Structures are given as C-alpha cells and as structure tokens.
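# Tertiary structure, described
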Amino acid sequence: MTAPGTPRPVVSFTAMEHGTRADYQLLDGYEREHAEGLADRLLASLVRLDDSLVGYQVTRLEHSLQTATRARRDGADVDWVVAALLHDLGDGLAPFNHDEFAAAVLRPYVREEVVWVVRHHGLFQRYYFAHHLGGDRDERDRFADHPWFDLCARFCADWDQSSFDPDYSSDDLESFTGDVRQVFAREPWSADFTQPANS
Ligand SMILES: [Fe+2]
Ligand SMILES: [Fe+2]
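Residues numbered from 1 in each chain as written. Chains lettered and ligands numbered in written order. Predicted model: local features only at pLDDT ≥ 70, side-chain atom pairs only at ≥ 80, totals over all residues. Heavy atoms only, no water.

## Topic: the overall build of the protein
The condition that has to hold: Where helices and strands are cited, they refer to DSSP runs of H or I of at least four residues and of E of at least two residues respectively, numbered from the N terminus. To sort residues, take the accessible area from a 1.4 Å probe on protein chains only and compare it with the maximum for the residue type: under 20% means buried, over 50% means exposed, and anything in between is partly exposed. In what follows, a contact means two residues having at least one pair of non-hydrogen atoms within 4.5 Å. Within this scheme the basic residues Lys and Arg register as positive and the acidic residues Asp and Glu register as negative, but His and the chain ends are omitted. Lys charges are placed at NZ, Arg charges at CZ, Asp charges at CG and Glu charges at CD.
Along the protein, the regular secondary structure elements total nine helices and zero strands. The N-to-C order of helical and strand elements in the protein reads α-α-α-α-α-α-α-α-α. Projecting the C-alpha coordinates of the protein onto the three principal axes gives extents of approximately 60 × 35 × 35 Å. Put simply, the protein has 199 residues, and 42% of those count as buried. Sequence separation of at least 24 residues holds for 66% of the intrachain contacts in the protein that already meet a minimum separation of 6. Within the protein, one finds 19 positive and 35 negative side-chain charges whose respective centroids are separated by 1 Å.

Listed below in structure tokens is the structure:
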C-alpha cells in the first residue's frame, strides 16, 4: 500500500525489449491491482452512458437499469443480471459493434452462453426494427439451429426491447453494485464460472 501522493516505482525501460524481469514483475503487480478496480470502473462507465444516444424516452443508463431489473425480477441469476446491466456498455465507444464490446468485458467472468447472448443481442434486437428501415428483421434466423438462439431471443423479448419505458420502476444502480463486484471479483477465465450451464 502506498501513501496517497507518494510516487510509485516505475520501470527502467523506454522500449519494451529492454525490460528486465523486475520491470515486468512490477507491472504484473500493478496490472492485478488495476483489475481489482474493474467493477468500480464499469459502474462509473454505466453512469457515463447517460450522455449517449438521444431520442428514446429513457436514458441509456435507465435502459440498462430497467433491463437488469427485469432480469432480476424474473429470478435470473447473477450472471444474467450483470450481463443485462452491462449489455449496452459499448454504446459510447463501439457504436457499430457495441454487443461485441460488452461481450468482451464479460467473457472472462461469466458463463459462455451469457456471453454468446450479449455478443449477439445487437443482431437479435434488429427483429424489432430492421423492417422499418428496409432491412431484414429475420436476419437472426441464421442462428436458428444454435443451441442458444432461444436464450438470446428471450433476452431481447423479455428484458432488452421492453426496457424503454419511463413509467417502469427500476431498481437503482446502487442495488446492483454487489452483483457487479461479485462477478468481477471472480478468477478470470476460471472454468468454474465460464463453463456453460448443463455442460
Ligand atoms: Fe444493445
Ligand atoms: Fe439494450
């Protein structure tokens, strides 16, 4: 633990090829420490979502809270609740593949089918609007035989597409902090957490 304001040791190199074992051990320690703050950084990013995508009757943060609240009230487990909360996290930074962005954040920590659903929710959501814009609303059918097709269709139908309602009473962000901390305190990439259900 370093006292606030105390400069912390830095590496000796200015090009990675000259780094020593001690340098990389130092960085490895800092990386682990940084990863421990991930839950808090994700929660802060969710608050910043309020700045993105105008035109809906609710903000992006409210949409995220509403999606997660619906998952929670349906009795979904913590992997689903946290995925529902974070599924649009990439709206600000990856507007053309926001689903991949959120899936990448979740992948080391939650079950594989949950990651798959988040990764594909952008395509599956198109079922609700693509035909209004001259597109094919059934594009998702290319995954019709996929074992997790129904999970993704339900994620969108029950939680995502319905969560734009200004009159819905969502749980507040504070109520989800324990869930987010629990998931991101897991050992990353551990099969204990990433194995699909029933596998
Ligand atoms: Fe989305
Ligand atoms: Fe969404």
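## Description of the packing of aromatic side chains
Two descriptors summarise a pair of aromatic rings, namely the distance from one centre to the other and the angle between the planes of the rings. The condition is simple: Between 30 and 60 degrees the pair is tilted, below 30 it is stacked and above 60 it is edge-to-face, where a pair is any two Phe, Tyr or Trp rings, Trp via its six-membered ring, whose centres lie within 6.5 Å. Remark: a charge is flagged as sitting over a ring if the NZ atom of Lys or the CZ atom of Arg is within 6 Å of the ring centre and within 35 degrees of the ring normal.
Counted by the stated rule, this structure contains twelve aromatic pairs. Ring geometry for Trp116 versus Phe124: centroids 6.1 Å apart, planes at 80 degrees, classification edge-to-face. Among the residues examined, Phe124 registers a relative accessible area of 0% and is labelled buried. Judged by centre distance (5.2 Å) and plane angle (90 degrees), the rings of Tyr127 and Tyr128 are edge-to-face. For Tyr128, a relative accessible area of 27% puts it in the partly exposed group. By the ring-pair criterion, three or more aromatic residues cluster together here, those being Trp116, Phe124, Phe143, Trp148 and Phe149. Geometry around Tyr56 places Arg60 over its ring, the cationic atom sitting 4.9 Å from the centre. A cation sits over an aromatic face here: Arg70 above Tyr168, 4.0 Å from the ring centre.

## Brief notes about the nonpolar core
Selection rule: For our purposes a nonpolar core is just a set of buried Ala, Val, Leu, Ile, Met, Phe, Trp, Tyr and Cys residues, chained together by side-chain atoms within 4.5 Å.
Counting 45 residues, the largest nonpolar core has Leu46, Val82, Leu85, Leu86, Leu106, Phe124 and Phe184 as the members making the most contacts within it. Elements supplying a minimum of two residues to this core: α2 (38-48), α3 (60-73), α4 (78-86), α5 (98-106), α6 (112-125), α7 (149-160) and α8 (177-184). Here Phe124 is in contact with Trp116, Arg140, Phe143, Phe149, Cys152, Ala153 and Cys156, once residues within four sequence places are set aside.

## Remarks on the coordination of the iron ion (ligand 1)
In an ideal octahedron of six donors the angles at the metal are 90 or 180 degrees, and in an ideal tetrahedron of four donors they are 109.5 degrees. What counts, and what does not: The donor definition counts N, O and S atoms within 2.8 Å of each metal and applies 3.2 Å to Na, K and Ca; water is not among these atoms, so some sites may look incomplete.
With distances of 2.0 to 2.1 Å, the protein atoms coordinating the iron ion (ligand 1) are Asp88 (OD), His98 (NE2) and His121 (NE2). Positions of the donor residues of the iron ion (ligand 1), expressed as sequence spacing, correspond to D-x9-H-x22-H. In this structure, the iron ion (ligand 1) lies 3.6 Å from the iron ion (ligand 2), and both are coordinated by Asp88. Here Asp88, found in the loop between α4 and α5, pairs with His121, found in helix α6; they are 33 residues apart in sequence, far enough to count as distant. As far as burial versus exposure is concerned, Asp88 and His121 are alike and both buried.

## Quick look at the coordination of the iron ion (ligand 2)
Around the iron ion (ligand 2), the protein contributes the donor atoms His63 (NE2), His87 (NE2), Asp88 (OD) and Asp160 (OD), which lie 2.1 to 2.2 Å from the metal centre. In primary sequence terms, the donor set of the iron ion (ligand 2) follows H-x23-H-D-x71-D.

## Let's talk about the environment of Val183
As for its placement among the helices and strands, Val183 is situated in helix α8. Judged by its relative accessible area of 0%, Val183 is buried. Through-space distance from the C-alpha of Val183 to that of Tyr109 is 6.3 Å; in sequence the pair is 74 residues apart. Ignoring any residue separated from it by four or fewer positions in sequence, one finds Val183 in contact with Val78, Val82, Tyr109 and Val110.

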